[in-house]
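Secondary and tertiary structure notes
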Amino acid sequence: TVQEIMQRIETRSSNPAPVLARLKALTPSHWGMVLGHVGFAVMLIGITLVSNYEKEKDLRMNPGDVVELGGYAFQFTGVKNLVGPNYSGHVGIFDVYPDATLTNKVTHLEAEKRFYPVQRTSMTEAGIDSGISRDLFVALGEQLNNGAWAVRLYIKPFVNWIWAGCLFMAIGGIFSIADNRYRTAKVAKVKQ
């Protein structure tokens, strides 16, 4: 993409204008194309990193248990009851630390297991901590015997890169739509 922009600027090199002025001379649809390609690349990088480096663990945890995964220590501190407007359930409380020393807490996560009596269905609301380089997920499963719970832990690196790529592509689409050449051509067609 950078090489393509440089080629466009060089084709205008007969123009003595400075480089910044030549960049401004490029059309909005051209910048839309550039943003679309950059967005697609960022999205592909995100998808590749998530699919190759995500970590997942399904396990049985009792309150007080600590499990290490991907350089983080997840401590299950307990469960409390949950009462909502049309559901009831439980909230699993988790603290995440950078290591097993359990100092310098990274985040606090609450994962919900909801039961909707009218629909007679159960739903899981994951506890999520989102960051630029990784997302941490905790999902609370079914209650097991002796106070234990089924728990699923995820570490997904660079998930937000997927969303950022989509955002770049959407902005590129807006730039392309904003190009006057297309609107002028449509108005001229309507007048004929």
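Refer to the preceding data block for the structure.
Starting afresh in each chain, residues are numbered from 1 along the sequence in its written order. At least 70 in pLDDT is required for a residue's local features to be given in this predicted model, at least 80 for side-chain atom pairs to be given and counted, and no such filter applies to totals for whole chains, interfaces and linings, which use all residues. Only hydrogens and water are set aside; all other atoms, that is, all heavy atoms of the structure, feed into the side-chain values.

1. Examining the side chain of glutamate 112
Inclusion rule: Secondary structure elements are taken from DSSP: a helix is a run of H or I of four residues or more, a strand is a run of E of two residues or more, and numbering for both begins at the N terminus. Here a polar contact means two N or O atoms within 3.5 Å. Within protein one must be a hydrogen donor candidate and the other an acceptor candidate, and residues neighboring in sequence count only if both atoms are side-chain atoms. The contact criterion used throughout is that any non-hydrogen atoms of two residues lie within 4.5 Å.
Among the secondary structure elements, glutamate 112 is positioned in strand β5 (residues 107–116). One polar contact links glutamate 112 to arginine 114, side chain to side chain, over a distance of 2.6 Å. Among residues more than four places away in sequence, those in contact with glutamate 112 are Leu82, His90, Val91, Met123, Thr124 and Glu125.

2. A few points about the nonpolar core
Keep this limit in mind: In this description, a nonpolar core means a group of buried Ala, Val, Leu, Ile, Met, Phe, Trp, Tyr and Cys residues linked to one another through side-chain atoms lying within 4.5 Å. Burial classification: accessible surface area is computed with a 1.4 Å probe over protein chains only, and a residue below 20% of its type maximum counts as buried, one above 50% as exposed, and the rest as partly exposed.
Residues Met61, Phe74, Phe94, Leu136, Val138, Val151 and Leu153 are the most contacted members of the largest nonpolar core, which totals 18 residues. Counting only elements with at least two residues in this core, the list comes to β1 (55–61), β2 (66–69), β3 (72–83), β4 (88–97), β5, β8 (134–143) and β9 (149–157). Of the residues forming this core, the biggest block, four residues, is contributed by β9. With residues up to four places along the chain from it excluded, the contact list for valine 138 reads Phe74, Phe94, Leu109, Ala111, Ala126, Gly127, Val151, Arg152 and Leu153.

3. Side note on the sheet that holds strand β6 (residues 121–125)
We count it as follows: In short, DSSP must find at least two bridges between two strands for them to pair. Each axis is a line fitted through C-alpha atoms, and for a helix only the stretch in contact is used; angles between axes span 0 to 180 degrees, taken between their N-to-C directions.
The sheet built from five strands is open, its strands ordered β2-β3-β4-β5-β6 with antiparallel pairing. Of all strands in the sheet, those with a lone pairing partner are β2 and β6, marking the two edges. Taking each pair of neighbouring strands and ignoring which way they run, the sheet shows an average axis angle of 25°. Here five bridges tie β5 to β6, and the two strands are oriented antiparallel to one another. The residue of β6 that forms the bridge with tyrosine 116 is threonine 121.

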